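So the chains spell out like this:
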Number of protein chains: 2
Amino acid sequence: MDNLELMRELSQPSPSKIVFFVLDGLGGLPHPKTGKTELETARTPNLDQLATSGICGLAEVVGVGITPGSSAGHLALFGYDPLRFTIGRGVLEAVGIDFNLEPKDIAARGNFCTADEAGLVTDRRAGRISNEKCTELCQLLDSTVIDGVKVLVRPVREHRFVVVFRGGGLNAKVTDSDPQQPGVAPKVVTALEPEATSLADVANKFIGEAKKILAEQYPANMVLLRGFSHRPELPSMADVYKLKPAAIAVYPMYKGLARLIGMEILKTGTNIDGEFVTLRQNYADHDFFFLHVKWLDSAGEDGDFDRKVKVIEEFDRALPRVKGMEPDVLVVTGDHSTPAVLSGHSWHPVPVLLYSKWCRPDGADEFSESACLGGGLGHFPATQIMSLAMAHALKLTKLGA
Amino acid sequence: MDNLELMRELSQPSPSKIVFFVLDGLGGLPHPKTGKTELETARTPNLDQLATSGICGLAEVVGVGITPGSSAGHLALFGYDPLRFTIGRGVLEAVGIDFNLEPKDIAARGNFCTADEAGLVTDRRAGRISNEKCTELCQLLDSTVIDGVKVLVRPVREHRFVVVFRGGGLNAKVTDSDPQQPGVAPKVVTALEPEATSLADVANKFIGEAKKILAEQYPANMVLLRGFSHRPELPSMADVYKLKPAAIAVYPMYKGLARLIGMEILKTGTNIDGEFVTLRQNYADHDFFFLHVKWLDSAGEDGDFDRKVKVIEEFDRALPRVKGMEPDVLVVTGDHSTPAVLSGHSWHPVPVLLYSKWCRPDGADEFSESACLGGGLGHFPATQIMSLAMAHALKLTKLGA
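Bear in mind that the values here come from a model prediction, so they are computed numbers and not experimental data.

1. Section: the interface of chain A and chain B
Reports often express the size of an interface as the amount of accessible area lost when the parts come together.
1) Next: Contacts between the two partners involve 25 residues from chain A and, on the opposite side, 28 residues from chain B.
2) Next: Between chain A and chain B the total buried area reaches about 2000 Å² when both faces are included, carbon and sulfur atoms providing 68% of it.
3) Next: Inspection of the chain A/chain B interface yields 0 salt bridges.
4) Next: If you list the elements that add at least two residues to the side of chain A that touches chain B, you get helix 1 (3–10) and helix 15 (385–392) of chain A.
5) Next: Partitioned by chemical class, the residues of the side of chain A that touches chain B number 14 nonpolar, 8 polar and 3 charged.

2. Focus on the packing of aromatic side chains
1) Next: Considering all chains together, one arrives at 26 aromatic pairs over all chains under this definition.
2) Next: Aromatic pair Tyr 80 of chain A and Phe 85 of chain A: ring centres 5.7 Å apart, planes at 75°, arrangement edge-to-face. Exposure class is identical for Tyr 80 of chain A and Phe 85 of chain A. Each is buried.
3) Next: The interplanar angle of 50° and the centroid separation of 5.9 Å between the aromatic rings of Phe 20 of chain B and Phe 288 of chain B together place this pair among those described as tilted. Placement of Phe 20 of chain B in strand 1 (residues 18–23) and of Phe 288 of chain B in strand 11 (residues 288–293) is noted, with a sequence separation of 268 residues between them. Taken individually, Phe 20 of chain B and Phe 288 of chain B each receive the classification buried, so the pair is uniform in this respect.
4) Next: The rings of Phe 20, Phe 78, Phe 288 and Phe 290 of chain A are connected pair by pair, giving a single aromatic cluster.
5) Next: Positioned above the aromatic ring of Tyr 251 of chain A is the side chain of Arg 157 of chain A, whose terminal nitrogen or guanidinium carbon lies 4.9 Å from the ring centre.

3. Here's the deal with the relation of the copies chain A and chain B
1) Next: Relative to chain B, chain A is turned by 120° and slid 0.1 Å along the rotation axis, the superposed coordinates differing by an RMSD of 0.5 Å. Taken together, the rotation angle and the small translation identify this as a three-fold axis. Within chain A, the C-alpha atom positioned nearest to the axis of rotation is that of Gly 374 of chain A, 4.2 Å from it.

4. Here we look at helix 7 (residues 197–213) of chain B
Residues and elements named next belong to chain B.
1) Next: Look at helix 7: 24 Å from first C-alpha to last across 17 residues, which is about the 24 Å you get at 1.5 Å a residue.
2) Next: Considered for burial, the residues of helix 7 that qualify are Leu 199, Ala 200, Val 202, Ala 203, Phe 206, Ile 207 and Ala 210. All buried residues of helix 7 project into a common sector of 165° when viewed along the axis, lining one side.
3) Next: Looking at the buried side of helix 7, the elements it contacts are strand 3 (106–115), helix 6 (131–141), strand 5 (144–146), strand 6 (149–155), strand 7 (160–166) and strand 8 (222–229).

5. Remarks on the sheet that holds strand 12 (residues 329–333) of chain B
Residue and element names in this part refer to chain B.
1) Next: What the 8 strands build is an open sheet, ordered 10-9-11-1-12-13-2-14; its pairing is mixed. Of all the strands in the sheet, the pair left with one neighbour each is strand 10 (264–265) and strand 14 (378–381).
2) Next: Summarising the sheet, strand 2 (residues 55–60) and strand 13 (residues 350–355) pair through 5 bridges and their orientation is antiparallel. The residue of strand 13 that forms the bridge with Cys 56 is Leu 353.
3) Next: Against the sheet, helix 3 (residues 45–53) engages strand 2, strand 12 and strand 13, with an angle of about 70° to strand 13.
4) Next: Contacting strand 1, strand 11 and strand 12, helix 4 (residues 70–77) crosses the sheet at an angle of about 155° to strand 1.

The rules behind each value
- Residues numbered from 1 in each chain as written.
- Chains lettered and ligands numbered in written order.
- Predicted model: local features only at pLDDT ≥ 70, side-chain atom pairs only at ≥ 80, totals over all residues.
- Heavy atoms only, no water.
- Contact = heavy atoms within 4.5 Å.
- Buried area = accessible area lost by both parts, 1.4 Å probe.
- Salt bridge = Lys/Arg side-chain N within 4 Å of Asp/Glu carboxyl O.
- Helix = DSSP H or I, 4+ residues; strand = E, 2+ residues; numbered from the N terminus.
- Nonpolar A, V, L, I, M, F, W, Y, C, P; charged D, E, K, R; others polar.
- Phe/Tyr/Trp six-rings, centres within 6.5 Å; stacked < 30°, edge-to-face > 60°.
- Buried < 20%, exposed > 50% of the residue type's maximum accessible area, 1.4 Å probe, protein only.
- Lys NZ or Arg CZ within 6 Å of the ring centre and 35° of its normal.
- Least-squares fit on C-alpha atoms with pLDDT ≥ 70 in both.
- Expected span 1.5 Å × (residues − 1).
- Arc of directions from axis to C-beta.
- Pairing = 2+ DSSP bridges.
- Axes fitted to C-alpha atoms, helices over the stretch in contact; angles between N-to-C directions.

Here it is, written out as structure tokens:
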């Protein structure tokens, strides 16, 4: 029996509430000068107090040595084994903008990019064009029909868009056109299975037409596609955990993923403060809240150690507001590490803090990677964080007589 | 290869002896006033001395966040994955009273209960009638034949009894009649598979007849049945570990479980002292002893922190007697946690102490949850405790050349 089946068998509804904070890219590595990570550098009196009365540990998100992408990381945090459940990038983007995917649709993530006269990509993000420009360009490309397949194009943010191929019977097993680096030409989309030839053909024709349509739109004069995928079948959190879950997230992908597992997406602002306001306003209506804080990861990806520290401190200052709501279980963790010194996601296990009046305290008296290393939760798989949260919320019955 | 197969391949008989103490519900949570758990509060000089020279750790019994029932917890301790091997409640009760189940028998756990004039259950335990009364009532119900199925009824303790349906070809997939709460009527037993219709019919007829027979037996004027089950196929400890194992336990269920995995059940007294006497008297005849101490769990379930502390201290005082026998390996652990503050089983990992002259010592200088957290065994699955015991008893050959 896998973990989700076990949860489905043992979970029961109850009035207790779980607030689950995901600080995106929380885990870090020491600053070369101080020997302290971002989390260890940040002044976090509220998190430290929670760590003192709660219990800490380190979670392996996907597996030892494995660097999770954002969707894999989040799936693991909600108890879904990311090696078993995979969500294509295209589907994530589509769901994240509230695009209602039909079961046979195939979605791909698109970038507007800049290509030079030789057709080589000079900027994979077309100078991060404005949202308005993105919308305008998507309208130019939208709703063509190629070989009987309708091609829908929708803006996401800046240079990002979604393209959906709707035409029944398409197989999504094709390669990306996005070369993932500048200085080279976009790749030709290629079928990985014979049945995927039609999609590859349609995609290449779409890319060719887009090139013509965008010819005068420098810097956004070309498109790159990646992550062709079908909508996956994921059991809902309501089914697995008997929860009525809600998501508070600013960025589309996280909302999209939350919606895929049945969370209600709450309208929120554009920063941490706005997210906490949303939490308070909706607190009575749900028993599980996923609150996503993106900006640590952005800072880490930019290699900006100090900015990541500041975001952690900003979160810490906001934290007392949730203590006032007195959730039965409070979880603070990350979907992966994004050490500023690596300027990207990494494989390092993520710090986990769980607070509940039923946790067995450990010696951790601050929230940091080093305190978590000796914490009472030990070193454990991230797919079990939800089991712990459910247990401490007294939402699980015992196994067997 | 799973753990049992690995043990079967590597284990070999030897004269060394393992004594395995299960302190039922050993793990705890801090007392709100002192911040110390039951085990941390108890004065345990002998356990502390063993912890100092031995090695400690914390074991996850079934899995992170999962609260084990008694049978699941014990199966795990003996190396049997409780998610793979499940034992119905009825079978456990039957085996626990030395009832010789035939392969096709179906057993259910029964409660005598009190029903009011409207047929609603007012007390699921019929005021915990005496053992004598239970025996008398079972005799009234025993050995009827319904639709060709013989129905055997045997007393357990107080309000508890076993009912065995013997008649070949019955399928055990039926629901309970026990509603698990007072104020409602008993449920009708219902087939979960078409093949189980005959058992459901027989069970409902039996319940109907019992109601008539018990009409004048207030407060025990009705029966509730649950846990209809076949005897499971469990490999024996002799087969897996090449051991000649014996069990010393006072309560039927633990004896029943031990017998299911091939332990010999030793006659013993009714308290810790009696159990240690039994251990000494039979010490020459076996190489593995499971000694079960029930009363911590009972105290924990009653929410009686101080009584649980006292039982731990009583066990500690008895412990030097076993040191005199000089077993090669001594294990002290629990089948789950039963924190008095929760008044019930819980998911918290259980403390484990292993003593042998071959263990690599750690820094633990007392037996407590907090010392175990930093112990040399780390945080590990309870199904591996037997592997450790076997290894330290030098009963396992190496893997491969």
